[in-house]
Amino acid sequence: MTLLPEAVARTLFGNSPTLLEQTVAAIAAAVLVAAVPLTCAAIVIWAKRKVTAAFTDRIAPNRLGPGGTLIIVADAVRLLSKELIVPDEADRPAYDLGPVLVVFSAIVGFAVVPMGSIAGVTVQLADPEVGLAYVFAVASLATLGLTMCGYASANKYSLLGGLRAVAQNIAYEIPLIVTGLSVVIFAGTLRMGEIVAAQQATLFELGELSIPSWYAIVNPFAFALFLTANLAEVGRNPFDVPEAPTELVAGYQTEYSSVYFVLVYMGEFVHVFLGGAIVATVFLGGPAGPVLPGFVWFLAKIWAVFLFTQWARSALPRVRIDQLIEIGWKGLLVCSIANLLITAVIVGLLAA
């Protein structure tokens, strides 16, 4: 298996690159990998409007460019051309760093996600032994960024939004990780590439149709738990209480404008796609799929998770903050621990 940095180094500098050349190649490969979620986040500007309009029987952008696609450019120009207004009493270092941390935490999570192969090269920066733990760890850094945004804005609604983000992260990060551990018990590894490889075997056959051993099929209960916790983790309806427009103006992003608002807004959608990438890797066989290249299947799966979040946004009402905490601690946590114990027992009996 040739990872992307190694392939880039060989292409640019031959078979024996120096340490400096390997560093340059790694940076170039990182830029290529980062372009995937950033491109998806840009397309979302148009796609979310189209999907929401279809769900709610409204008219989406249809004037700017083919099918309204140039709304992406129009929105970028509109937002970036606005004046950057900073509150007088803002804690400036934290105010500046918060939006950057939100985007950074989402993008670096893609470093260990296997996105499929192109011309024999695996689109993945690294495949460490603790890959799944790494991606959970860096994704949770977004909560720190949101808390910084809320605290530093010198606005009570922003502060409440930041505190809600912390409470939500604690309540749902634990069930998310515990549910992910049930997959680790099945696969016997935290390495992302090996988790994908463990799902390549045939579970059973229906005539000429082979059903793969994706963990979403092997353990649909864990898949449902993970999808629900992931909705809260990325702050989508019905768990979008940290920004809750009808309660907190815009929560942690109330005092942000211009390029800072763009960073927070973009970070939100990059996190949606990172959540989709984790779901696809852990439960849906990663880039595996018939006929089409693996990279295409990977994109299709993360966009399918995005469409699920948009359905939830249009179909489900927002829960109150007390309901959100109760669902997390009394519902998902209990169910995730029960799922982990049952999975461990089943795997132990099968191995005996």
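Keep in mind that what you see is a predicted model, and the values were worked out from it rather than measured.

## What to know about the overall build of the protein chain
Moving on, step 1. Within the protein chain, the secondary structure is distributed over 13 helices and 5 strands.
Moving on, step 2. Scaling as 2.2 N^0.38, a compact globule of 352 residues should have a C-alpha radius of gyration of about 20 Å, and the protein chain matches this with 21 Å.
Moving on, step 3. Overall, the C-alpha framework of the protein chain stretches about 65 × 55 × 40 Å when taken along its three principal axes.
Moving on, step 4. Taken across its 352 residues, the protein chain has 48% of its residues classed as buried.
Moving on, step 5. Contacts in the protein chain between residues at least 24 apart in sequence constitute 75% of all its contacts with a sequence separation of at least 6.
Moving on, step 6. Of the accessible surface of the protein chain, which amounts to about 16,300 Å², a share of 69% is contributed by carbon and sulfur atoms.
Moving on, step 7. Of note, the protein chain has its 18 positive side-chain charges centred 9 Å away from the centre of its 23 negative side-chain charges.

## Here's the deal with the packing of helix α2 (residues 19-56) against helix α11 (residues 258-283)
Moving on, step 1. Following both chains from N to C, one finds α2 and α11 inclined at 105°, their axes separated by 9 Å at the closest point. Looking at the two axes, α2 sits roughly perpendicular to α11. Packed against α2, whose contacting residues are P37, L38, C40, A41, V44 and K48, the element α11 presents Y265, M266, F269, V270 and F273 at the interface.
Moving on, step 2. Considered class by class, the residues forming the contact of α2 with α11 number 10 nonpolar, no polar and 1 charged.

## Here we look at unusual backbone geometry
Keep in mind that most residues, glycine aside, have a negative phi and that most peptide bonds are trans.
Moving on, step 1. The residue A119 is not glycine, and still its phi comes out positive at about 55°.
Moving on, step 2. Relative to the assigned elements, A119 resides in the loop between β2 (117-118) and β3 (121-122).
Moving on, step 3. For A119, a relative accessible area of 80% puts it in the exposed group.

## Some remarks on the packing of aromatic side chains
Moving on, step 1. Here the structure, examined in full by the defined rule, presents 13 aromatic pairs.
Moving on, step 2. Three or more aromatic residues joined by ring pairs make a cluster, and in this case those are F136, F223, F226 and F283.

## Remarks on the packing of helix α4 (residues 92-109) against helix α5 (residues 131-152)
Helix packing for two helices is described by the angle between their axes and how far apart those axes are.
Moving on, step 1. Contact geometry of α4 with α5 gives a least axis separation of 8 Å together with a crossing angle of 160°. Classified by the angle their axes make, α4 and α5 are roughly antiparallel. The handedness of the crossing between α4 and α5 is left-handed. Facing α4, whose interface residues are A94, Y95, L97, G98, P99, L101, V102, S105, V108 and G109, α5 presents Y134, V135, V138, A139, L141, A142, L144, G145, L146, M148, C149 and A152.
Moving on, step 2. Partitioning the contact of α4 with α5 into residue classes produces 18 nonpolar, 4 polar and no charged.

## Section: α11
Moving on, step 1. Spanning 26 residues, α11 covers 38 Å between terminal C-alpha atoms, matching the ideal 38 Å at 1.5 Å per step.
Moving on, step 2. Just downstream of α11, G285 is the residue with a positive phi angle, here 75°.

## Some thoughts on the layout of surface pockets
With a probe scaled to a water molecule rolled over the atoms, the places where space remains empty come into view.
Moving on, step 1. For the largest pocket, the calculated volume is near 410 Å³.
Moving on, step 2. Lining the largest pocket are 22 residues, and of these I45, R49, D75, L79 and Y265 sit closest to its centre.
Moving on, step 3. For the lining of the largest pocket, the secondary structure elements donating two or more residues are α2, α3 (71-80) and α11.
Moving on, step 4. Ranked by the residues each element gives to the lining of the largest pocket, the list is headed by α2, at 8 residues.
Moving on, step 5. Of the residues in the lining of the largest pocket, the class split is 16 nonpolar, 1 polar and 5 charged.
Moving on, step 6. Quantified by volume, the second largest pocket comes out at close to 260 Å³.
Moving on, step 7. Top contributing element to the lining of the second largest pocket by residue count: α11, with 4 residues.
Moving on, step 8. Of the residues in the lining of the second largest pocket, the class split is 6 nonpolar, 3 polar and 7 charged.

## With respect to helix α1 (residues 4-13)
An α-helical segment advances 3.6 residues per turn. Residues three or four places apart therefore align on the same side.
Moving on, step 1. Among the residues of α1, those classed as buried are L4, P5, A7, V8 and A9.
Moving on, step 2. Of the surrounding secondary structure, the elements contacted by the buried residues of α1 are β1 (2-3), α2 and β3.
Moving on, step 3. Phi for G14, located one or two positions after α1, is positive at around 90°.

Cut-offs applied
- Residues numbered from 1 in each chain as written.
- Predicted model: local features only at pLDDT ≥ 70, side-chain atom pairs only at ≥ 80, totals over all residues.
- Heavy atoms only, no water.
- Helix = DSSP H or I, 4+ residues; strand = E, 2+ residues; numbered from the N terminus.
- Rg over C-alpha atoms; globule rule 2.2 N^0.38 Å.
- Buried < 20%, exposed > 50% of the residue type's maximum accessible area, 1.4 Å probe, protein only.
- Contact = heavy atoms within 4.5 Å.
- Areas by Shrake-Rupley, 256 points an atom, 1.4 Å probe, with all protein chains shown as cover.
- Lys, Arg positive; Asp, Glu negative; His and termini not counted.
- Charge placed at Lys NZ, Arg CZ, Asp CG, Glu CD.
- Axes fitted to C-alpha atoms, helices over the stretch in contact; angles between N-to-C directions.
- Parallel < 35°, antiparallel > 145°, perpendicular 65-115°, else oblique.
- Nonpolar A, V, L, I, M, F, W, Y, C, P; charged D, E, K, R; others polar.
- Phe/Tyr/Trp six-rings, centres within 6.5 Å; stacked < 30°, edge-to-face > 60°.
- Left-handed = near helix turned anticlockwise from the far one by under 90°.
- Expected span 1.5 Å × (residues − 1).
- 1 Å grid on protein atoms, 1.4 Å probe; cavity = no way out; pocket = protein on both sides within 12 Å on 5 of 7 lines; lining within 4 Å.
- Points joined across faces, edges and corners; volume = space filled by probe spheres on them.

In short, geometric facts, not functional conclusions.
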